[in-house]
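The lines below spell out each chain.
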Amino acid sequence: MIDNLLNPWIKDLVPYSSARSEFSGKAEILLDANESWEGGNDGINRYPDPLAKELRREIERVMGIPYEMSAIGNGSDEVIDMLIRMFCCPGRDSIMIERPTYGTYSVFASTSNVSVIDVPLTPDLDLDEEAMMEAIVRKKPKIVFICSPNNPTGRVYPLEKIVRIAEINEGITAVDEAYADFALNFESAISYIKKNPRIVVLRTFSKAYGKAGARLGILVSDPEIQKVFMKAKPPYNVSSPAEKAGLDALSEYDEAMERVRETIARRNELTAFLQTLPYVVRVFPSEANFVLVRVSDAAALYSYLLEMGIVVRNRSSDLLLENTLRITIGSEMEMEKLKEALNGWNG
Ligand code: PMP
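Here is a short report on the structure shown in this document. (Residues numbered from 1 in each chain as written. Predicted model: local features only at pLDDT ≥ 70, side-chain atom pairs only at ≥ 80, totals over all residues. Heavy atoms only, no water.)

1. Describing the overall build of the protein
Logical step 1: Counting secondary structure elements, the protein contains 12 helices and 11 strands.
Logical step 2: For 347 residues, the compact-globule estimate of 2.2 N^0.38 gives 20 Å, and the protein sits close to it at 22 Å.
Logical step 3: C-alpha extents for the protein along the principal axes are approximately 70 × 55 × 35 Å.
Logical step 4: The proportion of buried residues among the 347 residues of the protein is 52%.
Logical step 5: The contacts of the protein with a sequence gap of at least 6 include a subset with a gap of at least 24, amounting to 70%.
Logical step 6: Of the roughly 16500 Å² of accessible surface on the protein, 51% is carried by carbon and sulfur atoms. (Helix = DSSP H or I, 4+ residues; strand = E, 2+ residues; numbered from the N terminus. Rg over C-alpha atoms; globule rule 2.2 N^0.38 Å. Buried < 20%, exposed > 50% of the residue type's maximum accessible area, 1.4 Å probe, protein only. Contact = heavy atoms within 4.5 Å. Areas by Shrake-Rupley, 256 points an atom, 1.4 Å probe, with all protein chains shown as cover.)

Spelled out as structure tokens, the structure:
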């Protein structure tokens, strides 16, 4: 079934065979990969493991994602790019996204000359199931990206809705769960991959796990898609320091989840605080590590905060988001400074 969806040149791809994958057994002297013989004690003179096996085994143990269903990207951004390159024919195919949502889906589509079908969210920023179904049937996108919790709205879409859309969609449904850890009682689409192997899920080490600089994203998919991803990705896309950072994050899982709990508490606190401000029009309830807020004059408040040394994101130019700012949850001290600044604004 997946075979028919893949680009034929990807399906028939003969992958690059890296030096380390051509032998098995124990080797003492490695003269196979044109590496430097010298490089300190951290092994960084050697190429990293193309399959990131150690990290994927830990992902299975800690996160419960089966080894044969995971692949690691250089951030989930690389996973997004690779999915488009695997499934979409340049100049012919399309992807579908909701608007507003995370920006790189459409950018990577454009770099592959793949067109983008936009389906606006409802005025209440919910997924417009009917409009999506109708557009899927009519336009047959190769990939439908659904971001839940959505960036920049913080909204979680009911899993049944996502599953129904994935059922109708004959192409791939990519569910981006980058912010899943910040949502209460979150139901992941991962559990539906067995029933519908056209569902793939994206996770990342950049948010709850605190490793954005390491660039580690996870593709969770049917093993058939996972194998093709492994074949088509750049062979050494995950550096050894990055893999080590991922292993460190998983060994500190409890600390990460404690940080998530603190973040959620601060998010709820900020939401309540914002609602007391006279110039706040609406705070959108968020299940991520940020809050989207509508104010009377977003551009003016943005500039004022910048003058106070605080950078937030002005999302006002996107569809349905007039006069909105997206504020990431920071440390306790940062949130205090933010609140102080917001109190001093009389826009
Ligand atoms: N998906 C969403 C929804 C995001 O908001 C982001 C980053 N802001 C990404 C993916 C990319 O994450 P990564 O750092 O794993 O590339």
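2. Details of the site of the ligand
Logical step 1: Near the ligand, the surroundings consist of 13 residues, among which Ser76, Asp176, Thr204, Ser206 and Arg215 are the closest.
Logical step 2: In isolation the ligand has 400 Å² of accessible area, and contact with the protein removes 91% of it.
Logical step 3: With three residues, helix α4 (residues 75–87) is the single largest residue contributor to the shell around the ligand.
Logical step 4: Per-class residue counts for the shell around the ligand are four nonpolar, five polar and four charged. (Near = heavy atom within 4 Å. Nonpolar A, V, L, I, M, F, W, Y, C, P; charged D, E, K, R; others polar.)

3. Let's talk about the pairing of strand β1 (residues 70–73)
Logical step 1: Both faces of β1 are covered, namely the face carrying Ser70 and Ile72 and the face carrying Ala71 and Gly73.
Logical step 2: As paired elements, β1 and strand β7 (residues 217–220) share four bridges and run antiparallel to each other. Bridging from a neighbouring strand, Gly73 pairs with Gly217 of β7. (Pairing = 2+ DSSP bridges.)

4. Here's the deal with the packing of aromatic side chains
Logical step 1: A full pass over the atoms with the stated rule returns eight aromatic pairs.
Logical step 2: Taking the centre distance of 5.2 Å and the plane angle of 45° together, the rings of Phe205 and Tyr209 count as tilted.
Logical step 3: The buried category is assigned to Phe205, whose relative accessible area is 1%.
Logical step 4: Taking the centre distance of 4.9 Å and the plane angle of 35° together, the rings of Tyr304 and Trp345 count as tilted. Taken together, the positions of Tyr304 in helix α11 (residues 298–307) and Trp345 in the segment after α12 (332–343) put the pair 41 residues apart, joining distant regions of the chain.
Logical step 5: Cluster of aromatic residues (ring-pair linked, three or more members): Tyr102, Tyr105 and Phe145.
Logical step 6: The ring centre of Tyr67 lies 4.0 Å from the NZ or CZ of Arg56, which sits over that ring.
Logical step 7: The ring of Phe273 has Lys339 sitting right over it, with the charged end atom 5.8 Å from the ring centre. (Phe/Tyr/Trp six-rings, centres within 6.5 Å; stacked < 30°, edge-to-face > 60°. Lys NZ or Arg CZ within 6 Å of the ring centre and 35° of its normal.)

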